[in-house]
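Working through the structure, step by step
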Amino acid sequence: MTRVSNAVFYLPFAYNYSVRLRTPGKLLSWMLIYLMPTGWYSWLAAGGVSWLFCINYLLILVAAFTLYEIGYIHNDTFATLREQKPTLRLSEKNSEYFYSHAGHIFFARVTIAAILLTVFLLLNDFSAGAIVTTVSTGLIPIVFLIYNRWRNRWNVLLYPILVFSRYLPFLLPYSPSWQIYMLLFLSFPCCNMLERFSMPSYRFPVIRKIIPTESSKTYFRVGYYAIALALLLPFFGIRELIPLVILGSYRCVVALLLQFYSPKRYLK
């Protein structure tokens, strides 16, 4: 519960880093699991890089994560009020500021996202793909708020939809094949979903046998990417699998590093 500047409630990405990630190592991890696969697979879906592709990516990125952070903020404030043993991420002063400015904070974030998505629609001539992308992005905070309100062990079933909601908009402008959607899901959301199903509060027996403890997630991640690549290699070229190769290599490096050093806030 380290106190941070109240500006993080308004600035895109600031809340995620200052309250959720909090270390350069976790920021690097976030870039690898989010920016790298969304950038790579949207590039494949678009068929190449152009000025419009780059602008589209940046507009979707900032709009989608600005709205996704609304869910983080709601989870760390209003949702914790209904929990018996909440995880408190904000200081008392930050919480006081939020509760007295909640309307302004949410309005500011929705306004930022709305402006960015309007620019996105204009640049893409209100095409069907652009409209679907905008609607999908706009639904992100709604899905997150439903997830936050559904506070029992079964809300974990909504979790993969919630996680993938911030990945999906990057592909929608280009209407790629279903295989690209699948690979993007497998790159991180699927792995994250399985880890979520293993958490003690959810107790899904099958997954708990695979991931019995928090520390076992390290080796589960290595095994996940090794098995995924072994199953996918007969059907896809290396270009389509680059994100899984990079993430698998990253998980191997982390597993090796942990033999000598434990990074700050690892698995927290």
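This text gives an overview of the structure that appears in the document. (Residues numbered from 1 in each chain as written. Predicted model: local features only at pLDDT ≥ 70, side-chain atom pairs only at ≥ 80, totals over all residues. Heavy atoms only, no water.)

**Points about the environment of Trp30**
The following threshold applies: Runs of H or I in DSSP of at least four residues are treated as helices and runs of E of at least two as strands, each being numbered from the N terminus. Exposed residues in this analysis have more than 50% of their type's maximum accessible area, buried residues have under 20%, and partly exposed residues fall in between, with area computed by a 1.4 Å probe over protein chains only. Residues are treated as being in contact if the distance between any of their heavy atoms lies within 4.5 Å.
Among the structural elements, Trp30 can be located in helix α2 (residues 24-46). On the basis of relative accessibility, which here comes to 10%, the residue Trp30 falls in the buried class. Trp30 sits 180 residues away from Ile210 along the chain, and the two C-alpha atoms are 24 Å apart. Once residues within four sequence positions are removed from consideration, Trp30 is found in contact with Phe13, Asn16, Leu21, Leu35 and Phe65.

**Let's talk about the nonpolar core**
Note the threshold: To form a nonpolar core, buried Ala, Val, Leu, Ile, Met, Phe, Trp, Tyr and Cys residues must be joined to one another through side-chain atoms within 4.5 Å.
Counting residues in each nonpolar core, the largest one holds 75 residues, and the members touching the most others are Tyr15, Tyr34, Tyr41 and Tyr167. Here this core gets twelve residues from one element, more than from any other, and that element is helix α3 (residues 51-76). Contacts of Tyr15, omitting those with residues within four sequence positions, involve Val8, Phe9, Arg20, Glu69, Tyr72, Ile73, Asp76, Leu90 and Arg109.

**Re the pattern of salt bridges**
Counted only if it meets this: What makes a salt bridge here is a side-chain nitrogen of Lys or Arg within 4 Å of a carboxyl oxygen of Asp or Glu, nothing more.
Per the stated rule, a full pass over the model turns up five salt bridges. A salt bridge links Arg221 to Glu195, with the nearest nitrogen and oxygen atoms 2.5 Å apart. Pair noted here: Arg221 is in helix α10 (residues 217-232) and Glu195 is in helix α8 (residues 189-197), with a separation of 26 residues, a long-range link. Of the two residues, Arg221 and Glu195, neither departs from the other in class, the shared state being buried. Each of Arg20, Asp76 and Arg89 takes part in a single network of salt bridges with overlapping partners.

**Quick look at the packing of helix α7 (residues 178-187) against α8**
Short version of the rule: Angles here are taken between N-to-C directions and fall from 0 to 180 degrees, while the axes themselves are lines fitted to C-alpha atoms, restricted in helices to the stretch in contact. For classification, angles of less than 35 degrees are called roughly parallel, those exceeding 145 degrees roughly antiparallel, those between 65 and 115 degrees roughly perpendicular, and all remaining angles oblique. Only Asp, Glu, Lys and Arg are considered charged in this grouping, and only Ala, Val, Leu, Ile, Met, Phe, Trp, Tyr, Cys and Pro are considered nonpolar; every other residue, Gly among them, is considered polar.
At their nearest, the axes of α7 and α8 sit 3 Å apart, and the two run at 45° to each other. Comparing the axis directions of α7 and α8 gives the class oblique. Within the contact between the two elements, α7 uses Leu184, Phe185, Leu186 and Ser187 and α8 uses Pro189, Cys190 and Met193. Grouping the constituent residues of the contact of α7 with α8 by class yields six nonpolar, one polar and no charged.

**So, helix α4 (residues 92-123)**
So the rule is basically this: Any helix carries an expected span of 1.5 Å times its number of residues minus one. Bend at a residue means the angle formed by two fitted axes: the first through the 7 residues ending at that position, the second through the 7 residues beginning there.
Between its terminal C-alpha atoms α4 stretches 43 Å, which fits the 46 Å expected from 32 residues at 1.5 Å a residue. Remark: the principal bend of α4, roughly 80°, maps to His101. Once α4 ends, the next one or two residues include Asp125, with phi positive near 55°.

**Let's talk about the packing of aromatic side chains**
This is how the line gets drawn: Two aromatic rings from Phe, Tyr or Trp, using only the six-membered ring of Trp, form a pair when their centres are within 6.5 Å; if the ring planes differ by under 30 degrees the pair is stacked, by over 60 it is edge-to-face, and anything between is tilted. Here, a charge over a ring is recorded when the distance from Lys NZ or Arg CZ to the ring centre is within 6 Å and its angle to the ring normal is within 35 degrees.
In this structure the tally under the stated criterion is 29 aromatic pairs. With a centroid separation of 5.1 Å and an interplanar angle of 80°, the aromatic rings of Tyr34 and Tyr167 are classed as edge-to-face. With Tyr34 in helix α2 and Tyr167 in the loop between α6 (159-165) and α7, the pair connects residues that are 133 residues apart, well separated along the chain. With a centroid separation of 6.2 Å and an interplanar angle of 45°, the aromatic rings of Phe220 and Tyr224 are classed as tilted. Of this pair, Phe220 and Tyr224 both sit in helix α10, four residues apart, roughly one helical turn. Phe220 sits in the buried class, given a relative accessible area of 13%. With a relative accessible area of 9%, Tyr224 lands in the buried category. Over the aromatic face of Tyr34 sits the side chain of Arg166, whose NZ or CZ is 5.4 Å from the ring centroid. A cation over an aromatic ring shows up here: Arg196 above the ring of Tyr159, its NZ or CZ 4.5 Å from the ring centre.

**Comments concerning the side chain of Asn56**
Stated formally: Throughout this description, a polar contact denotes any pair of N or O atoms lying within 3.5 Å of each other; where both atoms belong to protein, one of them has to be capable of donating a hydrogen while the other can accept it, and for residues adjacent in sequence the pair is counted only when both atoms sit in side chains.
One can find Asn56 in helix α3. A relative accessible area of 1% means that Asn56 is categorised as buried. Side-chain polar atoms of Asn56 contact the side chain of Asn124, separated by 2.9 Å. Contact partners of Asn56, with chain neighbours within four places excluded, come to Phe120, Asn124 and Tyr174.

**Things to note about helix α11 (residues 238-257)**
In this model, α11 (20 residues) spans 26 Å end to end at C-alpha, consistent with the 28 Å of a helix rising 1.5 Å per residue. Within α11, the axis deviates most sharply at Leu244, by approximately 30°. All buried positions along α11 are accounted for by Leu241, Pro243, Leu244, Leu247, Gly248, Tyr250, Arg251, Val254 and Ala255. Packing partners of the buried residues in α11 comprise α2, α7 and α10.

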